[in-house]
Amino acid sequence: MQSVTKLRLFASPDERRLLFATMERYNAACNAASPVAFSEGQFSDRGLQARLYHRIRGTFGLSAQMTILALRKVAGSYRSTREAIKEQNKMLAALGKLLKSLTEISFREHGAICYDARVLSLGRNRVSIWTLDGRINLRCSRRSSNDKSPV
């Protein structure tokens with residue numbers, strides 16, 4: 001079962017640079033995989049992994065699991081966008097309006113990373129996160145819903 005947890009991380013300037021560099025590389029990998037997924041219509045996690053895993057991992061220097069997570073993000077984004085367009089087109093067709101079609105997806109440089117237990121572990125007041133330069137351990141606290149401050 002997946003869960004989403006909002007945490008406030010307490011990171012030094014060097015740790016922040018590592019986190020942002022990791023985020024940027026991860027999303028660059030997503031942007032490299034996206035045109036292939038789109039042009040080939042390859043929106044399954046396993047299919048995209050079989051097609052691009054070695055190329056993405058080698059090019060971007062991500063760990064094995066981060067590579068899989070990046071490819072999973074790309075495939076999942078196409079699947080959810082395709083489903084949303086399908087639902088929108090039902091309404092548009094009923095109204096006699098032009099239908100939408102799936103277009104290539106791009107990912108923001110500082111877009112979210114979907115972590116799993118292999119790259120992020122959560123303790124009572126600490127979190128261990130994989131970065132491009134190895135794991136870092138940060139102090140953390142639960143975020144309140146109105147706290148909008150970044151990392």
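The name given to the protein in an unreviewed UniProt entry is Transposase, and the organism recorded there is Methanoculleus bourgensis.

K.L.:
Describe the nonpolar core, naming the residues involved and giving the relevant values.
P.N.:
With 27 residues, the main nonpolar core has Y26, L48, L52, I56, M66, L71 and V74 as its most contacted residues. Counting residues per element, the ones that place at least two in this core are α1 (13-40), α2 (45-60) and α3 (64-95). Of all the elements, α3 adds the most residues to this core, at eight residues. In contact with L48, not counting residues within four places along its chain, are A37, Q42, Y53, L71, V74 and A75. Within the second largest apolar cluster, nine residues are counted, among which are L7, L9, L19 and I129.

K.L.:
I'd like a description of the side chain of N27, backed by residues and values.
P.N.:
In this fold, N27 is placed in helix α1. Separated by 2.9 Å, the side chain of N27 and the backbone oxygen of G111 make a polar contact. In this structure N27 touches K73, F107, R108, E109, H110, G111 and A112, once residues within four positions along its chain are discounted.

K.L.:
Explain the pairing of strand β1 (residues 7-10) to me, using residue names and the numbers behind them.
P.N.:
Residues L7 and L9 of β1 are buried on one face, while the alternating residues R8 and F10, pointing to the opposite face, are not. Bridge count between β1 and strand β4 (residues 134-142): four bridges; the pairing is antiparallel. By the bridge assignment for β4, R8 is matched with S141.

K.L.:
Outline the packing of aromatic side chains, listing residues and values.
P.N.:
Counted according to the given criterion, the structure contains two aromatic pairs. Between F38 and Y78 the ring centres are 6.2 Å apart and the planes differ by 25°, which places this aromatic pair in the stacked class. You can see F38 sitting in helix α1 and its partner Y78 sitting in helix α3, a full 40 residues away along the chain. A residue is classified by how much of its surface remains accessible, and F38, at 31% relative accessible area, is partly exposed. Each ring, one from F43 and one from Y78, has its centre 4.9 Å from the other, and the planes form 15°; the classification is stacked. One end of the pair, F43, is in the loop between α1 and α2; the other, Y78, is in helix α3, with 35 residues separating them in the sequence.

K.L.:
Before we move on, can you summarise the packing of α2 against α3 with the specific residues and values?
P.N.:
Packing of α2 against α3 brings their axes to within 9 Å, and their N-to-C directions diverge by 135°. One finds that α2 runs oblique with respect to α3. As α2 runs across α3, the sense of the crossing is right-handed. For the pair formed by α2 and α3, the contact residues are D45, L48, Q49, L52, Y53, I56 and R57 on the first element and A64, T67, I68, L71, R72, V74, A75, G76 and R79 on the second.

Cut-offs used in this document
Residues numbered from 1 in each chain as written. Predicted model: local features only at pLDDT ≥ 70, side-chain atom pairs only at ≥ 80, totals over all residues. Heavy atoms only, no water. Core = buried A, V, L, I, M, F, W, Y, C linked by side-chain atoms within 4.5 Å. Buried < 20%, exposed > 50% of the residue type's maximum accessible area, 1.4 Å probe, protein only. Helix = DSSP H or I, 4+ residues; strand = E, 2+ residues; numbered from the N terminus. Contact = heavy atoms within 4.5 Å. Polar contact = N/O pair within 3.5 Å; in protein donor to acceptor, adjacent residues only side chain to side chain. Pairing = 2+ DSSP bridges. Phe/Tyr/Trp six-rings, centres within 6.5 Å; stacked < 30°, edge-to-face > 60°. Axes fitted to C-alpha atoms, helices over the stretch in contact; angles between N-to-C directions. Parallel < 35°, antiparallel > 145°, perpendicular 65-115°, else oblique. Left-handed = near helix turned anticlockwise from the far one by under 90°.

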